Amino acid sequence: MKILGIIPARFASSRFPGKPLADIGGKSMIQRVYEQAQKAKSLSKVVVATDDPRILSHVISFGGEAYMTSENHPSGTDRCFEALQKAGGSSKFDYIINIQGDEPFIDPETIEQMAKLLDFKTEIATAVKKISDYETLFDPNVVKAVLTMRKQCLYFSRQTVPYVRGHEPETWLEHADFYKHIGLYAYRNDVLEQISHLPPSPLENTEKLEQLRWLGYGYKIYATITNYESIGVDTPEDLEKLNKSLL
């Protein structure tokens, strides 16, 4: 099986312009993501998909591979599909793994775990982590995933789901399992092409979660449960905290 790892990296960001080039302990964020992804042995190839020549030249300067993609893509998924075409298309790669460009310490083992779900029948795969604290549980910025017994994703929400009837919210972790969604996705090559042409769905527009578009159109998403705690960088303040932690 051939798996292409793609790291979408936009320069423009309302909260943190130029984020992929931000310095983290002497290396750019995009270089750290790239080097972590390369440690995943299941990936046949790792590339950066960007919309800015500054990011392109920087990736090439540290020995990475990158493709220029359109500035007009509404999501990382659409950018991944264009990058797949530039990398040789569906005839060359069976699955594509979308690796978030703002998680500089992404765990290669989580990528490996997700790759084990890819058996040509799996349409889309992702990763989740069990929630163990109430701050995370009730944070609307943390996306929660609801799973079946077979770890198929039923729903994703910014709301705390499922609702634990008959118990006070401050005791919910004692009575049910809750999962934080980790923003990694694996797509079968034909499915990536299909979902890149889907119009937005009502659920997606309501929660502002792209994966609800895929569920809404009937695609199946399976999850691996990881112990990896994602460390995303969304703002300059996040970067400052991260750099202080490295001192």
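Here the structure is a predicted model, which means the values were calculated and not measured.

Rules behind the numbers
Residues numbered from 1 in each chain as written. Predicted model: local features only at pLDDT ≥ 70, side-chain atom pairs only at ≥ 80, totals over all residues. Heavy atoms only, no water. Buried < 20%, exposed > 50% of the residue type's maximum accessible area, 1.4 Å probe, protein only. Helix = DSSP H or I, 4+ residues; strand = E, 2+ residues; numbered from the N terminus. Contact = heavy atoms within 4.5 Å. Core = buried A, V, L, I, M, F, W, Y, C linked by side-chain atoms within 4.5 Å.

1. Examining helix 1 (residues 29-38)
Next, step 1: Buried residues dominate helix 1, accounting for eight of its 10 residues.
Next, step 2: Regarding helix 1, the residues found buried are Met29, Ile30, Gln31, Arg32, Val33, Tyr34, Gln36 and Ala37.
Next, step 3: Contacts made by the buried residues of helix 1 are with strand 1 (3-9), strand 2 (23-24), strand 3 (27-28), strand 4 (45-50), helix 2 (53-61) and helix 4 (108-115).

2. Some remarks on the nonpolar core
Next, step 1: Of all hydrophobic cores here, the largest spans 37 residues; its most connected members are Ile3, Ile7, Leu43, Val48, Ile97, Ile99 and Ile111.
Next, step 2: A total of five residues in this core trace back to one element, the largest contributor, which is helix 1.
Next, step 3: In contact with Ile3, not counting residues within four places along its chain, are Ser42, Leu43, Ser44, Lys45, Phe93, Tyr95, Ile97, Ala115 and Leu118.
Next, step 4: Formed by 33 residues, the second largest nonpolar core is a distinct cluster that contains Ala49, Ile124, Cys153 and Leu212.

3. Notes on the environment of Phe120
Next, step 1: With respect to the secondary-structure elements, Phe120 resides in the loop between helix 4 and strand 7 (124-130).
Next, step 2: Phe120 gets classed as partly exposed once you look at its relative accessible area, which sits at 46%.
Next, step 3: It is 8.4 Å that separates the C-alpha atoms of Phe120 and Tyr95, two residues lying 25 residues apart in sequence.
Next, step 4: In this structure, Phe120 is in contact with Met1, Asp94, Tyr95 and Arg188, ignoring residues within four places of it in sequence.

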